[in-house]
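# Examining the three-dimensional arrangement
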Amino acid sequence: MGRYRKQLFENFQDENFNPDTRYELAYKRVKRIKGFYIHLLVYVLVNAFIIVSSFNRSVLGSEVFFRWETFSTALFWGIGLVAHGMSVFGRDLFFGADWEERKIKEFMDKDKSQKWE
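This text gives an overview of the structure that appears in the document.

Definitions and cut-offs
- Residues numbered from 1 in each chain as written.
- Predicted model: local features only at pLDDT ≥ 70, side-chain atom pairs only at ≥ 80, totals over all residues.
- Heavy atoms only, no water.
- Helix = DSSP H or I, 4+ residues; strand = E, 2+ residues; numbered from the N terminus.
- Buried < 20%, exposed > 50% of the residue type's maximum accessible area, 1.4 Å probe, protein only.
- Contact = heavy atoms within 4.5 Å.
- Patch = residues over 30% accessible without salt bridge, like charges linked within 9 Å, V, L, I, M, F, W, Y side chains within 5 Å.
- Areas by Shrake-Rupley, 256 points an atom, 1.4 Å probe, with all protein chains shown as cover.
- Salt bridge = Lys/Arg side-chain N within 4 Å of Asp/Glu carboxyl O.
- Expected span 1.5 Å × (residues − 1).
- Core = buried A, V, L, I, M, F, W, Y, C linked by side-chain atoms within 4.5 Å.
- Phe/Tyr/Trp six-rings, centres within 6.5 Å; stacked < 30°, edge-to-face > 60°.
- Polar contact = N/O pair within 3.5 Å; in protein donor to acceptor, adjacent residues only side chain to side chain.

Another point: the overall build of the protein chain. Secondary structure assignment for the protein chain yields five helices and zero strands. For the protein chain, the succession of helices and strands along the chain, N to C, is α-α-α-α-α. Counting every position in the protein chain, which comprises 117 residues, the buried fraction comes to 15%. Here the contacts in the protein chain between residues at least 6 apart in sequence split such that 50% fall between residues at least 24 apart.

On the surface, Trp68, Leu75, Phe76 and Ile79 cluster together into a nonpolar patch covering about 460 Å² of accessible area. The topology assignment puts tryptophan 68 in helix H3 (residues 68-89).

Before going further, it helps to spend a moment on H3. It helps to recall that an α-helix has 3.6 residues per turn; residues three or four apart then point in one direction. Given a rise of 1.5 Å per residue, 22 residues ought to cover 32 Å, and the 31 Å separating the end C-alpha atoms of H3 matches this to within 8%. For H3, the complete set of buried residues consists of Thr70, Ser72, Ala74, Gly78, Leu81, Gly85 and Val88. Taken from the residues just after H3, glycine 90 is the one with a positive phi, measuring 75 degrees.

Further remarks concern the nonpolar core. Ranked by size, the top nonpolar core spans five residues in total: Phe36, Tyr43, Ala74, Leu81 and Val88. In terms of residues, this core owes the most to one element, H3, which gives three residues. Leave out the neighbours within four places in its chain, and phenylalanine 36 touches Leu81, His84, Gly85, Val88 and Phe89.

Under the defined criterion, the tally for this structure stands at two salt bridges. We note a salt bridge from lysine 103 to glutamate 106, for which the minimum N-O separation is 3.5 Å. On the criterion of helical spacing, the pair formed by lysine 103 and glutamate 106 is a turn pair, its members being three residues apart in helix H5 (residues 99-115). Its relative accessible area of 28% is what places lysine 103 among the partly exposed residues. Of the charged contacts in the structure, one is a salt bridge between lysine 105 and aspartate 109, with a shortest N-O distance of 3.2 Å. Of the two residues, lysine 105 and aspartate 109 are both situated in helix H5; the distance of four residues between them amounts to about one turn of the helix.

To continue, consider the side chain of serine 54. By the secondary structure assignment, serine 54 is in helix H2 (residues 19-59). Once residues lying within four places of it in the same chain are set aside, the contact partners of serine 54 are Phe65 and Thr70.

A separate point is the packing of aromatic side chains. Applying the stated criterion to the full structure yields five aromatic pairs. Grouping aromatic residues by their ring pairs yields a cluster made of Phe36, Tyr37 and Phe89.

This part covers the side chain of asparagine 47. Among the structural elements, asparagine 47 can be located in helix H2. Look at asparagine 47 and you get buried, because its relative accessible area is 5%. A distance of 2.9 Å separates a polar atom in the side chain of asparagine 47 from the backbone oxygen of tyrosine 43. Engagement of the side chain of asparagine 47 in a polar contact is seen with the backbone nitrogen of alanine 74, the distance being 3.3 Å. Not counting the four nearest positions on each side in its chain, asparagine 47 is found in contact with Thr73, Ala74 and Trp77.

Take it as geometry only, folks, not as evidence of what the structure does.
As structure tokens, this is what we get:
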């Protein structure tokens, strides 16, 4: 999430923020989340169809199931899906909202304690 949009979301509860602007930001965020879940559903359905149809062909003896072509679509599309998820949910997914501040405080405390020793 860009700095400007992150700042807008952090100031979302600010009283000076116009209610229409707050609604518009919330609406856009909900649409992005909905778009990600639709993308995830299509990913699961299409790749399940590809894998099941490949498995059925291998059971009948005409093909080998464990081939690159069977799983390559799921792999590369999965990479794109992860990128889509990161763009929707942001980097807070792994680091948390105040991870940077906590880490800075930790390093400052560590440096302060080393100076006094």
